[in-house]
Amino acid sequence: MELQQLRYVVAVAETMNFTRAAERCRVVQSALSHQIAALERELGARLFERTSRRVRLTAAGEAFLPAARECLEAADRARAEVAAAGGEILGRLAVGAIPTVTALDLPVELREFRRRHPRVRITLTSAGSDPLIERVRQGAMDVAFLGLPPRTEPKGVRSRRLGGGELVAVVAPDHPRTEREADLRSLADEPFIDFRAGAAGRVQSDEAFAAAGVRREVPFEVSSADFMVDLVRQGLGVGMLPAAYAPRFPDLRVIRLRDDPTRVEHLIWHDPPSPAAKAFLDQIGGDRREEGPAAV
């Protein structure tokens, strides 16, 4: 069994197509097919079912794939560790972030990291805080930037608080409300546009309304801040955004809240960090921010 064979299996499993997998691996399809067939003979089991219309994993293939990925990741990690011992940073840096990160300029940080370490493969995934925590916990992602309610700490990962801030209400330019400041009780009769119930981005608002002793209706649940803003622009309801993020949408009117909800931004990472992740953590100035333990 060779690492190249494992790479071919993973490529076919991810593309479900031998031609595209060969293109990704930069080999001719016949060579890729030959190597996978040789591996199947060695294992004594078919990994893929092939027809003229589709390719899919067999039960044996489903069982084999996670171990194949782990082997490849371990090999990449070994190369990166050896290179780091010689002063060179290699490997992968998989970053995740909520769309509303404001504690630092993430695109600028990624550009600087690429300048410093051009041989590191950087990926970025935008998602909600809860799935990002899970991916970092599992090691599928190296670092992530979250926004959580003040009393919530990410579990099972190393974490660092980056800063906090309040949320503001945002409304359409022609919304009948004209005040620049209000309290949550006065907004309770408005329809709201917010993230799905239970999501970290929603909890911070729900907790603030509960603390104010009022109920609100959220007829529009979204998965991204951009979609929220699109609905707010159409006058469909009131949105809630971080105060430092709201200025990105100058056409919306901002209402500051006297009993404003707050959130805390966190940086989390898989422990132990890879050489690339450690270099990234060092770059963004970990010694200047509060670090927390890996909670369970």
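The rules behind these values
Residues numbered from 1 in each chain as written. Predicted model: local features only at pLDDT ≥ 70, side-chain atom pairs only at ≥ 80, totals over all residues. Heavy atoms only, no water. Helix = DSSP H or I, 4+ residues; strand = E, 2+ residues; numbered from the N terminus. Buried < 20%, exposed > 50% of the residue type's maximum accessible area, 1.4 Å probe, protein only. Contact = heavy atoms within 4.5 Å. Areas by Shrake-Rupley, 256 points an atom, 1.4 Å probe, with all protein chains shown as cover. Lys, Arg positive; Asp, Glu negative; His and termini not counted. Charge placed at Lys NZ, Arg CZ, Asp CG, Glu CD. Salt bridge = Lys/Arg side-chain N within 4 Å of Asp/Glu carboxyl O. Pairing = 2+ DSSP bridges. Right-handed = clockwise from strand over helix to strand, strands pointing away.

What follows covers the overall build of the protein chain. In terms of regular secondary structure, the protein chain is built from 10 helices and 13 strands. Here the C-alpha coordinates of the protein chain stretch approximately 70 × 50 × 35 Å along the principal axes. Counting the 296 residues in the protein chain, one finds 45% classified as buried. Taking as baseline every contact in the protein chain between residues at least 6 positions apart, the subset at least 24 positions apart corresponds to 74%. Only carbon and sulfur atoms are counted for the fraction: they give 50% of the accessible area of the protein chain, which is about 15400 Å². For the protein chain, the separation between the mean place of its 43 positive charges and that of its 42 negative charges on side chains is 5 Å.

Where side chains of opposite charge bring their charged atoms close, a pairing between them can arise. A full pass over the atoms with the stated rule returns 24 salt bridges. When the shortest N-O distance is used, the salt bridge between Glu112 and Arg115 registers 2.6 Å. Pair noted here: Glu112 and Arg115 are both in helix H5 (residues 106-116), with a separation of three residues, about one helical turn. Given a relative accessible area of 58%, Arg115 falls into the exposed group. Through salt bridges with shared partners, a single network forms among Asp194, Arg202, Asp206, Arg216 and Glu221.

In this section: unusual backbone geometry. A cis amide bond links Asp271 with the next residue in sequence, Pro272, at an omega value of 5°. In this fold, Pro272 is placed in the loop between strand S12 (262-269) and helix H10 (275-283). Its identity as a non-glycine residue notwithstanding, Met16 has a phi of 50°, on the positive side. Along the chain, Met16 turns up in the loop between helix H1 (3-15) and helix H2 (18-25). Relative accessible area serves as the criterion here: at 31%, Met16 is assigned to the partly exposed category. Positive phi is not limited to glycine here, since Arg26 has a value of about 60°. Relative to the helices and strands, Arg26 is located in the loop between H2 and helix H3 (29-43).

Of the pairings in the sheet, the one linking strand S3 (residues 91-97) to strand S4 (residues 120-126) comprises seven bridges and is parallel in character. Its bridge partner being in S4, Leu93 is matched across the sheet by Ile122. For the crossover from S3 across H5 to S4, the handedness is right-handed.

Any link to function would need more than the numbers given here.
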